[in-house]
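One-letter residues, chain by chain:
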Amino acid sequence: MRRLPLRRLATLAALAALGAATLGTTAACGEDSDAGAGSGPVTLRLGYFPNITHAPAVVGVEKGIFKEKLGSGVELDTKTFNAGPAAIEAVFSGALDATYIGPNPTVNAFSKSKGEAVRVVSGAASGGVALVVKPGITSVEQLRGKKIATPQLGNTQDVALRYWLKEKGLETTKEGGGDVKIVPQENAQTVETFGSGAIDGAWVPEPFVSRLVNAGGKVLVDERNLWPDKKFVITNLLVSTKFLKAHPDVVKKLVEGQVAANEFVNTKPDEAQQAISDHIGKITGKPLDLKLIKQAWPTLEFTNDPIPSSLKTGLDHAVAVGLTQPVDLNGLYDLKYLNEVLKTQGKAEVSQP
């Protein structure tokens, strides 16, 4: 029997560890994407989160849109994740070729690889984030001394909350001190702690905004109101630079799938919402409440524009609150294929930063 080299064994071990962070399962991980070049279909390994802010990905997989656009020459291998860092590690380890991802992990991946490992090839969604508080809180000053949850220290929503409080003259610390005590915790846990009174509010994405409102909370800040034209990136489509260079034709087909998925989401919202509920049910064993999806839907905009200016502003905010260092984002975006697809369909092209 041929013995595997140590490096190969280490890679397999790393991928096994990543399996605990994923909800979906697919065919063999760890093989090079172009390993079968010339001898069979190219495999595209695509990551996404089973939630509303990743609706284009969820619908694209559930309705077979990606599979159709990729064609018979490409085998689609999907994986689902709960958090951005796990998806990025999968890209770095070679377990993923592309993933739908939030702005903060996008910046971290680009920075960590010194601008080499990843490129944003399309946007996916904007909006869908709010600060929900107890009904008795009616102003920012009343947040002084209160406990407010965010999904993770330094994540996109955590940065947004800290910067907003800073602008309002309220200080926070990484350790949870200051004028407002910020408590990083899992979104599902936040619904429980809000209901028990352990926290006074949370800055979270949908569907947790709607869940907190249904638990008796009220929206104090709709984050859309803090951005020009009420637009800010919540989900990007990111690809590995290695895969992009090796298979530009496949990436273009993936982008075609993204554009088609967004077209479906925007023109057939009822079918899209049902598809999301069904797909999440297949992954988690429990369909997402359709009423909750419909409640959250109006706060989101599904757009192919990655809104680069908002990602840069978000990075500036993270620097301002001391959670990261400045990063040169030059080269992060490669929107050539997106604009080719949009132009072919007679749609407005997006600006390349």
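Residues numbered from 1 in each chain as written. Predicted model: local features only at pLDDT ≥ 70, side-chain atom pairs only at ≥ 80, totals over all residues. Heavy atoms only, no water.

Asker: Sorry if this is basic, but what is going on with the side chain of Gln157 here?
Answerer: Mapping Gln157 onto the fold places it in helix 6 (residues 156-167). Within the structure, Gln157 has its side chain in polar contact with the side chain of Asn155 (distance 2.9 Å). When sequence neighbours within four positions are dropped, the list of residues in contact with Gln157 reads Val129, Thr150, Pro151, Trp203, Val204, Pro205 and Ile234. (Helix = DSSP H or I, 4+ residues; strand = E, 2+ residues; numbered from the N terminus. Polar contact = N/O pair within 3.5 Å; in protein donor to acceptor, adjacent residues only side chain to side chain. Contact = heavy atoms within 4.5 Å.)

Asker: Any chance you could explain the side chain of Asp158 here in plain terms?
Answerer: You can see Asp158 is positioned in helix 6. Of the polar contacts made by the side chain of Asp158, one reaches the side chain of Arg162; its length is 2.8 Å. The contacts of Asp158, once residues within four sequence positions are left out, are Thr150, Gln152, Leu153, Ile182 and Leu323.

Asker: Would you explain the pattern of salt bridges in this entry?
Answerer: Side chains that differ in sign of charge can pair as their charged atoms come close. Counting across every chain of the model gives 14 salt bridges. Asp77 is the partner of Lys79 in a salt bridge, and the nearest nitrogen-oxygen pair spans 3.3 Å. The residues Lys79 and Asp77 share a single accessibility class, namely buried. For Asp200, the salt bridge is made with Lys134, and the minimal N-O distance between the two is 3.2 Å. In this pair, Asp200 sits in the loop between helix 7 (187-196) and strand 8 (201-205) while Lys134 sits in the loop between strand 5 (129-133) and strand 6 (147-150), placing the two residues 66 residues apart along the sequence. Of the residues examined, Asp200 reaches a relative accessible area of 12% and is grouped as buried. Within the structure, one salt-bridge network assembled from shared partners comprises Glu141, Arg144 and Asp179. (Salt bridge = Lys/Arg side-chain N within 4 Å of Asp/Glu carboxyl O. Buried < 20%, exposed > 50% of the residue type's maximum accessible area, 1.4 Å probe, protein only.)

Asker: Looking at this structure, I do not really get the sheet that holds strand 11 (residues 300-301). What am I missing?
Answerer: Each strand in a sheet pairs with its neighbour through backbone hydrogen bonds, running either in the same direction (parallel) or in the opposite one (antiparallel). In spatial order, the strands read 2-1-3-10-4-11; together these 6 strands make up an open sheet with mixed pairing. The strands lining the two open edges of the sheet, one partner per strand, are strand 2 (74-80) and strand 11. Strands in contact with helix 2 (residues 55-62) are strand 1 (42-48), strand 2, strand 3 (98-101) and strand 4 (118-127); relative to strand 1, the strand with the most contacts, it is inclined by about 135°. Packing against the sheet, helix 10 (residues 248-267) makes contact with strand 1, strand 2, strand 3, strand 4 and strand 10 (233-240), and its axis sits at approximately 5° to strand 4. (Pairing = 2+ DSSP bridges. Axes fitted to C-alpha atoms, helices over the stretch in contact; angles between N-to-C directions.)

Asker: Would you mind showing me how to read the packing of helix 10 against helix 14 (residues 336-344) here?
Answerer: Contact geometry of helix 10 with helix 14 gives a least axis separation of 9 Å together with a crossing angle of 55°. Taken together, the axes of helix 10 and helix 14 lie oblique to each other. Along this stretch, helix 10 crosses helix 14, giving a crossing that reads as right-handed. Contact residues: Pro248, Val251, Lys252, Val255, Glu256 and Val259 in helix 10; Tyr337, Leu338, Glu340, Val341 and Leu342 in helix 14. When grouped by side-chain class, the residues that make up the contact of helix 10 with helix 14 number 8 nonpolar, no polar and 3 charged. (Parallel < 35°, antiparallel > 145°, perpendicular 65-115°, else oblique. Left-handed = near helix turned anticlockwise from the far one by under 90°. Nonpolar A, V, L, I, M, F, W, Y, C, P; charged D, E, K, R; others polar.)

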